[in-house]
Amino acid sequence: ENTFNEDDERLMSIFAERAALALERTRLDEKTVRQLERFAALRIIDLAISSSFDLRLTLNTVLDQVVSQLEVDAAAILLFQPESGRLEYALSRGFRTRKIEASSIRPGEGFAGSAALERRIVQIPDISQVKNQFTRYTLLESENFVSYFAVPLITKGVVKGILEIFHRSILTTDMEWLNFLDSLGWQTAIAVDNALLFESIQRSNSEL
């Protein structure tokens, strides 16, 4: 007499369907909020670019948004120096030590150098599996990083530097996350180009 009958099963089915709809609505709401936050982050970077030619100030804004919006542990920016022909450390966020500041890489050297030379995003899900190929593995060993991304900063067909992302566990990504990462790289490249152009104009004016 206590077993489920057809009416009970039909009722449970309705409850299950409504619960599924509620969960899907919540998921979509969360996705919408995340997208709005990322649009806001790009806008913040855009304002930093347009309101100041101070490269350090702009890159600090970029790194703040990278770490918070991508939910990663650390990020660094290497800038290409034409005089030395190398990618040199510029700024970073989220590191336990200052060893990252010793970074100086030739294009084609290591994963960051490969990203610059090949002009593509390099993704390493688990650094420990390729530590012999990671040229700065000993430099960053105490950081306990697991996942790594290197994003080339390209504007007007020229590589201006590399945006590096580090995480202390396996980083789960999707196409939306990767597209946002690409957008951050593009905006960072514009920021670098604008600041360097301004510095060049100032230098020319001083010489004149």
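See the structure above.
An account of the accompanying structure is given in this report. (Residues numbered from 1 in each chain as written. Predicted model: local features only at pLDDT ≥ 70, side-chain atom pairs only at ≥ 80, totals over all residues. Heavy atoms only, no water.)

**Considering the sheet that holds strand β3 (residues 104-105)**
Ordered in space as β3-β2-β1-β6-β5-β4, the six strands form an open sheet in which the pairing is antiparallel. Looking at the sheet topology across the chains shown, the edges are occupied by β3 and β4 (122-124). Of the strand pairs in this sheet, strand β1 (residues 74-81) and strand β2 (residues 86-93) are connected by seven bridges, and their pairing is antiparallel. Following the sheet pairing, Leu78 is matched in β2 by Tyr89. Packed onto the sheet, helix α5 (residues 175-207) meets β1, β5 (147-155) and β6 (158-167) and runs at close to 45° relative to β5. (Pairing = 2+ DSSP bridges. Helix = DSSP H or I, 4+ residues; strand = E, 2+ residues; numbered from the N terminus. Contact = heavy atoms within 4.5 Å. Axes fitted to C-alpha atoms, helices over the stretch in contact; angles between N-to-C directions.)

**Structural notes on the layout of surface pockets**
In this structure, the largest pocket encloses a volume near 330 Å³. Along the walls of the largest pocket sit 15 residues, with Phe80, Gln81, Pro82, Glu83 and Leu196 positioned nearest its centre. Going through the elements one at a time, β1, β6 and α5 are the ones with two or more residues in the lining of the largest pocket. For the lining of the largest pocket, the element with the highest residue contribution is α5, accounting for five residues. Each residue belonging to the lining of the largest pocket can be placed in one class, and the counts come to nine nonpolar, two polar and four charged. (1 Å grid on protein atoms, 1.4 Å probe; cavity = no way out; pocket = protein on both sides within 12 Å on 5 of 7 lines; lining within 4 Å. Points joined across faces, edges and corners; volume = space filled by probe spheres on them. Nonpolar A, V, L, I, M, F, W, Y, C, P; charged D, E, K, R; others polar.)

**A short note on the packing of aromatic side chains**
In total, this model carries seven aromatic pairs according to the counting rule given. Geometrically, the ring pair formed by Phe95 and Phe145 is edge-to-face, given 5.5 Å between the ring centres and 85° between the ring planes. Within this pair, whereas Phe95 is found in the loop between β2 and β3, its partner Phe145 is found in the loop between α4 (137-140) and β5, the two being separated by 50 residues in sequence. Like Phe145, Phe95 is buried. (Phe/Tyr/Trp six-rings, centres within 6.5 Å; stacked < 30°, edge-to-face > 60°. Buried < 20%, exposed > 50% of the residue type's maximum accessible area, 1.4 Å probe, protein only.)

**Thoughts on the packing of helix α2 (residues 55-69) against α5**
For the pair α2 and α5, the least separation of the axes is 10 Å and the interaxial angle reads 175°. Between α2 and α5, the angle falls in the class roughly antiparallel. Listed contacts from α5 to Leu55, Thr58, Leu59, Val62, Val66 and Gln69 of α2 are Phe180, Leu184, Thr188, Ala191, Val192 and Ala195. Here the contact of α2 with α5 is composed, by residue class, of nine nonpolar, three polar and no charged. (Parallel < 35°, antiparallel > 145°, perpendicular 65-115°, else oblique.)

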